[in-house]
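# Breakdown of the fold
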Amino acid sequence: MLDGASKAFFNLLAHSNYLKKLASRSGMRRPTSFARRFIAGETTAEAIAAARAVEARGLLQTLDHLGEGVASLAQADAATREYREICEAIVAAGIGRNISLKLTQLGLDVDRASAVDNLRKVLDRSDAAGFFVRIDMEGSAYTEVTLDIFETLWGHGYHNMGVVLQAALHRTETDLPRILKLGARVRLVKGAYKEPRSQAHQNKTDVDEAYGTLMERLLVDGNFPAIATHDERLIARAVAFVRERGIGRDRFEFQMLYGVRPALQRALVARGFKVLVATPFGPKWYPYLMRRLAERPANLLFFVRSALEG
Ligand SMILES: Cc1cc2nc3c(=O)[nH]c(=O)nc-3n(C[C@H](O)[C@H](O)[C@H](O)COP(=O)(O)OP(=O)(O)OC[C@H]3O[C@@H](n4cnc5c(N)ncnc54)[C@H](O)[C@@H]3O)c2cc1C
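Definitions and limits used
Residues numbered from 1 in each chain as written. Predicted model: local features only at pLDDT ≥ 70, side-chain atom pairs only at ≥ 80, totals over all residues. Heavy atoms only, no water. Near = heavy atom within 4 Å. Polar contact = N/O pair within 3.5 Å; in protein donor to acceptor, adjacent residues only side chain to side chain. Areas by Shrake-Rupley, 256 points an atom, 1.4 Å probe, with all protein chains shown as cover. Helix = DSSP H or I, 4+ residues; strand = E, 2+ residues; numbered from the N terminus. Nonpolar A, V, L, I, M, F, W, Y, C, P; charged D, E, K, R; others polar. Expected span 1.5 Å × (residues − 1). Buried < 20%, exposed > 50% of the residue type's maximum accessible area, 1.4 Å probe, protein only. Contact = heavy atoms within 4.5 Å. Phe/Tyr/Trp six-rings, centres within 6.5 Å; stacked < 30°, edge-to-face > 60°. Lys NZ or Arg CZ within 6 Å of the ring centre and 35° of its normal. Core = buried A, V, L, I, M, F, W, Y, C linked by side-chain atoms within 4.5 Å. Pairing = 2+ DSSP bridges. Right-handed = clockwise from strand over helix to strand, strands pointing away.

Attention now goes to the site of the ligand. Residues in close proximity to the ligand total 28 residues, the closest being Lys190, Gly191, Thr229, His230 and Glu295. With respect to the ligand, the backbone of Gly191 contributes an N or O atom lying 2.7 Å from an oxygen atom. Here an oxygen atom of the ligand and a side-chain polar atom of His230 are 2.7 Å apart. Considered on its own, the ligand offers 930 Å² of accessible surface; in the complex 90% of this is hidden by protein. When contributions to the shell around the ligand are tallied by element, the ones reaching two or more residues are β4 (161-166), β5 (185-189), β7 (253-257) and α11 (286-295). The leading source of residues in the shell around the ligand is β7, at three residues. Broken down by class, the residue content of the shell around the ligand amounts to 12 nonpolar, six polar and 10 charged.

Residues separated by three or four positions in an α-helix point in the same direction, a consequence of the helix having 3.6 residues per turn. Compared with the 24 Å implied by 1.5 Å per residue over 17 residues, the 24 Å span of helix α5 (residues 112-128) between its first and last C-alpha is a close match. All of the buried residues along α5 are Ser114, Ala115, Val116, Asn118, Leu119, Val122, Leu123, Arg125 and Ser126. Looking at the buried positions of α5, the neighbouring elements they touch are α4 (73-93), β2 (98-101), β3 (132-135), α6 (143-155) and β4. Phi turns positive, to about 75°, at Gly130, one or two residues after α5.

Moving on: the side chain of Thr80. Mapping Thr80 onto the fold places it in helix α4. Classification of Thr80 as buried rests on a relative accessible area of 3%. When neighbours within four sequence positions are excluded, Thr80 is seen to be in contact with Leu106, Asn118, Lys121 and Val122.

This next bit is on the packing of aromatic side chains. By the definition in use, this model includes four aromatic pairs. Each member of the aromatic cluster is reached from another via a ring pair, and the members are Phe252, Phe254 and Phe273. When the ring centre of Phe273 is taken as reference, the NZ or CZ atom of Arg249 above it lies at 4.2 Å. The ring of Tyr288 has Arg292 lying over it, and the distance from NZ or CZ to the ring centre is 4.6 Å.

Let's shift gears to the nonpolar core. The biggest cluster of nonpolar side chains holds 73 residues, and the ones touching the most others in it are Leu119, Met161, Leu219 and Phe254. When neighbours within four sequence positions are excluded, Phe254 is seen to be in contact with Ile227, Ile235, Ala238, Val239, Leu268, Phe273, Lys274, Val275 and Leu276. If you look at the next biggest cluster of nonpolar residues, it comprises 21 residues, including Ala23, Leu66, Val260 and Phe303.

Now for the pairing of β2. Of the two faces of β2, the one lined by Asn98 and Ser100 and the one lined by Ile99 and Leu101 are each fully buried. Sheet topology places strand β1 (residues 60-65) next to β2; two bridges connect them, and they run parallel. From the neighbouring strand, Asp64 faces β2, where its bridge partner is Ser100. What joins β1 to β2 is α4, and the crossover it makes is right-handed. Here four bridges tie β2 to β3, and the two strands are oriented parallel to one another. Note that in β3 the partner of Ser100 across the bridge is Arg134.

In C-alpha cells:
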C-alpha cells in the first residue's frame, strides 16, 4: 500500500475525464491490453468465462459489476436491472452465486430511499436463488450511511448479505463490534480510498497493525469472516492464529482481487484454505483500475508500457 500522497495522485487521475477516455479506448481492446490484468472483461459473458476459469483452479469467486457514483435515478435503475440480469446469467451458467456491489452504483448519491429500494430489489432476486451479496465499502463519507442501510435491511430479515470494514479507519474499532452483534458476515480490508488524518491511519505500519488486531477479533468472533488482503505477513499471521486457536479452515476465507498475487491464491488453496477471488467486470472499470495502480507503483509501468503498445 502506498502512502497518502500517491493515493491522492491516483484519486486525481481517477477523476480526469481526458485520461478516462484515453484509457477506455485502449485498455481492454486486445487480450493483452493493460486493463485485462485486473478486469475480467466488459460483458457478462466474458465475466462468466473468467469466473469459470477461477473456479477451475479451485478458487471461489464473486462477480463485481463495476460502476460507482451514478448521477441520476435512471442510471441507478439501469444498474439495478443489470444486477438482476447478471444474477439470472450466473444461475444459468451454474457458477458460484456470489456478487458484490456498491451503494453509490444503486443511486446513493442521488436519493437514499431509491438506493435502498434498488438494493432490496437485488436482494429479493438474489435471495430467492441462494446468492450471497457483498456490499462494498466506499470512501469514509459513505461509511455511516452504508452501515445504517445494512443494519436496517438486516433488521428486515435480509441476511443473504455481508458488509466490508476498512482497517485504515479509526472508527472500525467500534464498527466491528456493531456488525458482530448482528451476526453478519464481514470482509476486512485495509481500505483503498484516500482519507483525511482525522478519519484514518496515514502510514502503512499503523494500518497493518490495526488490520492484525481487527483480523484476530474477527477470526474469533466473526461469522465466516473474509480476510481480504494480499499481504503475506498478515496472511501468515492469520494462518498461525487459527492454528493456535483451533479455528477450522471452514470457518473463514481469504479473499484477493482478480489479477493480484495469483500464485499466492493458488498456494493457499493447495494448503487447504478457502480463497475467494473478487472478479470485477463491466465497461466502467476506470476508477477501479486507478485504485489498483495506487496500491502498487510497479503497476503503473506495466500500464504505461501496454498503453503505448496499444
Ligand atoms: C477481495 C477484496 C475486496 C476489496 N473490497 C474493498 C472495498 O470494498 N473497499 C475498499 O476500500 N477496499 C477494498 N479492497 C481493497 C483493499 O482495501 C486494499 O486497497 C487492497 O487489498 C490492497 O491492500 P493489501 O491488503 O493487499 O495490502 P498492501 O500492503 O497494499 O499489499 C500487500 C502486497 O500485495 C500486493 N498487492 C497489493 N495490491 C496490489 C495491486 N494492486 N497490484 C499488484 N500487487 C498488489 C503487493 O505485493 C503488496 O506488497 C478489497 C480488497 C480485496 C482483496
